[in-house]
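# Commentary on secondary and tertiary structure
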Amino acid sequence: MRLSSTRGRSVLTYAPPRTSISGANCAIVIAAIMLLGGYLRLGRSWRILLSLATLLGFTVLVTPEPSVLRSAVMATLTLASIGAGRPGRGVPTLLIVVIGLLASDPWLARNYGFALSVLATAGLLILAGPLSRLLSQWMPLALAAVIAIPLAAQLACQPVLILLSPSLPLYGVPANILAGPAAPVATVVGLIACLTLPVLPGVASGLLALAWLPSAWIAAVAQTTSMLPGTRLPWPGGVPGVLLLSVVTLLTLVVVLRGPAARPARWPAAVLAVLLVGFGGYAGSLIGTGIGRAASLPANWQIAACDIGQGDAVVVRDGDRYGLVDVGPDPKLLANCLATLGISRINLLVLTHYDLDHIGGVDAVIGKVDTALVGQPEKAQDERLRERLAAGGAVVRQTARGDAGTLGGLRWNILWPVRGATTMQAGNPGSITIVFEGRGIRSIFLGDLGEESQNALRRVSPPGRVDVVKVAHHGSADQSPELYAELRARVGLISVGATNTYGHPTDALLNVLASVKTVSVRTDREGMAVVAPGDNGTLVLWTEKITDRGPPAPPTAASDAAGRVSRAR
């Protein structure tokens, strides 16, 4: 069983089902055959032979991937030992299988699927029993076993999973407890459907429809848990992260699983102290960088430029209604920003164009969008992106000049591109340009428009004065000074990566903004930037980091740009 949902990696996959899918399914298939053989009153030898034949067919059907191969070989040895009247023990059998497979194909040692399959099985064999006994002190043994099985696999696999994604799944175990009962039904019914499809296609279609029900339940659990706050907690990556998590897991298991009588007199207190200090420091860092940062934002903030590297992702808000203009290059970075802001649903998504630094993070929001405004597709992959948004429940509309709507109490208007024009319809020149107005702030988002398309915008759809401008193309030199002079924005948000090799933002652009007294705010230096309406027509500007301009003044102090912008902290 694999739980996956488009949230953010791209795909959110919980460790236990991902690593034990083959073992669990093989066990289900063999158990079903053994029960069927018993019902038919077949002898043990015939049941074992029938199970081996079914296992071989199942392996061919699902393809012999490394994890499937490990499960099939281990199941074969187990059945053979049962047939010989000498049932083997789990851990020695696992070791024999691993050694044999690695001897036949040493490259399996570099395969994540194989490693995770082995670790999940080892976790079940070694940890599931002790964890069940421990939990049974507070709950019925059956319930304790239900919790202990996915927990054991999670603990065993997580150090290796850190190499794939430096984060900890908060809801992995509960999600698998909810989805687990559906896996046997989906496996058995789906297998029967595959077997009957060549000879009884009508019956097979009915079985496939029946198998859809448990599969839909598994998908629903994955989708729901992926939308909960704090789905994945950050953790150091690479070898240091693996070693740190391994040490923490080992110490925790030793302290928790050893009985009081077995503990030496002194060291448990020291180990507990180390764990408490470590967990306290980790929790404090999460609060300091997440909850604490969110709590310091102006309560009435309206615009937030996420720090997502070289790309755009800017949130527009009115109360509990949220718009998002572009999604940046990385779903993880966008997911972190949205989590910090406490956003779980996007009411209006605007993808200005299809460059990777504007759409690469879309997996973080698929399934969470009500309406998506997109531009003219250029390639087949652009069409596929639109289809994925629609499959996630979004109403996808190709937009152009003249389209308008509301986001809570804010009104939005599309100024560019011009519908039906023969040029500047796609790519940077065709970037969707949108204006939001209301609650004391008028803002414009220029996508990646260059100087030529900016000047065309001035002629066709003069934007007028604004309070905030999302500067075009991360501050490149390809800009129209005349446009920025007409905008006369108080704040210019520049979404740019600290390590970009393009020289963004350029001195030319910064000079243009300075010449019209627009305060430049750069995510590469100041991190997340938030703008809120202030008193008496002023703006309050909050930034995540303090820059060399010095610490920001309180909201009531005189401000940059001729007193029009106050700095808040």
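To start, this report covers the structure provided alongside it. Just so you know, these numbers come straight off a predicted model, no measurement behind them.

Nonpolar side chains tend toward joint burial in soluble globular proteins. By size, the foremost hydrophobic cluster in this structure holds 36 residues, and its most contacted members are W301, V315, L341, L349 and V365. When residues of this core are traced back to their parent elements, those giving at least two are β7 (321-325), α13 (331-340), β8 (346-350), β9 (369-374), α15 (380-391), β18 (529-533) and β19 (539-543). With 4 residues, α13 is the single largest residue contributor to this core. Of all hydrophobic cores here, the second largest spans 26 residues; its members include V314, V316, V521 and L539.

The mixed open sheet is built from 7 strands, whose spatial order is β11-β12-β13-β14-β15-β16-β17. Edge strands, defined here as strands with exactly one partner in the open sheet, are β11 (404-407) and β17 (519-522). Averaged over all neighbouring strand pairs, the angle between strand axes comes to 20°, with direction disregarded. Where strand β12 (residues 410-416) and strand β13 (residues 433-438) come together, 5 bridges link them in antiparallel fashion. Considered in β13, the bridge of R411 is made with E437. Running over the sheet, helix α16 (residues 451-460) touches β12 and β13 and is turned about 115° from β12.

Turning next to the packing of aromatic side chains. Tallied over the entire structure, the rule returns 2 aromatic pairs. Note on W301 and Y322: the rings are 6.4 Å apart at their centroids and 35° apart in plane angle, and the pair reads as tilted. Highlighted residues: W301 in the loop between α12 (267-295) and β5 (303-305) and Y322 in strand β7, separated in sequence by 21 residues. Between F436 and F445, the aromatic rings sit 5.8 Å apart at their centres with planes inclined by 85°, giving edge-to-face as the arrangement. Residue F436 is classed as buried on the basis of its relative accessible area, which comes to 0%.

Taken together, the side chains of L36, Y39, L40, L42, W46, L49 and L50 define a hydrophobic patch exposed on the protein surface, amounting to about 770 Å² of accessible area. Elements represented by at least two residues in the nonpolar patch include exactly α1 (15-39) and α2 (44-62). With 3 residues, the single largest contributor to the nonpolar patch is α2. Exposure remark for L50: the relative accessible area of 35% places this residue in the partly exposed category.

Here we come to the environment of T506. Here T506 lies in the loop between β16 (491-494) and α18 (507-515). For the pair T506 and S476, spaced 30 residues apart in the sequence, the C-alpha separation amounts to 5.7 Å. Beyond its immediate chain neighbours, meaning those up to four positions away, T506 contacts G475, S476 and A477.

Once that is clear, we can look at the packing of helix α6 (residues 128-135) against helix α7 (residues 141-164). Contact geometry of α6 with α7 gives a least axis separation of 8 Å together with a crossing angle of 135°. As judged from the angle between their axes, α6 and α7 are oblique. In this structure, α6 crosses over α7, and the sense of that crossing is right-handed. Packed against α6, whose contacting residues are A128, L131, S132 and L135, the element α7 presents L141, A144, A145, I147, A148, L151, A152 and L155 at the interface. Among the residues forming the contact of α6 with α7, the class breakdown is 11 nonpolar, 1 polar and no charged.

Definitions and limits used
- Residues numbered from 1 in each chain as written.
- Predicted model: local features only at pLDDT ≥ 70, side-chain atom pairs only at ≥ 80, totals over all residues.
- Heavy atoms only, no water.
- Core = buried A, V, L, I, M, F, W, Y, C linked by side-chain atoms within 4.5 Å.
- Buried < 20%, exposed > 50% of the residue type's maximum accessible area, 1.4 Å probe, protein only.
- Helix = DSSP H or I, 4+ residues; strand = E, 2+ residues; numbered from the N terminus.
- Pairing = 2+ DSSP bridges.
- Axes fitted to C-alpha atoms, helices over the stretch in contact; angles between N-to-C directions.
- Contact = heavy atoms within 4.5 Å.
- Phe/Tyr/Trp six-rings, centres within 6.5 Å; stacked < 30°, edge-to-face > 60°.
- Patch = residues over 30% accessible without salt bridge, like charges linked within 9 Å, V, L, I, M, F, W, Y side chains within 5 Å.
- Areas by Shrake-Rupley, 256 points an atom, 1.4 Å probe, with all protein chains shown as cover.
- Salt bridge = Lys/Arg side-chain N within 4 Å of Asp/Glu carboxyl O.
- Parallel < 35°, antiparallel > 145°, perpendicular 65-115°, else oblique.
- Left-handed = near helix turned anticlockwise from the far one by under 90°.
- Nonpolar A, V, L, I, M, F, W, Y, C, P; charged D, E, K, R; others polar.

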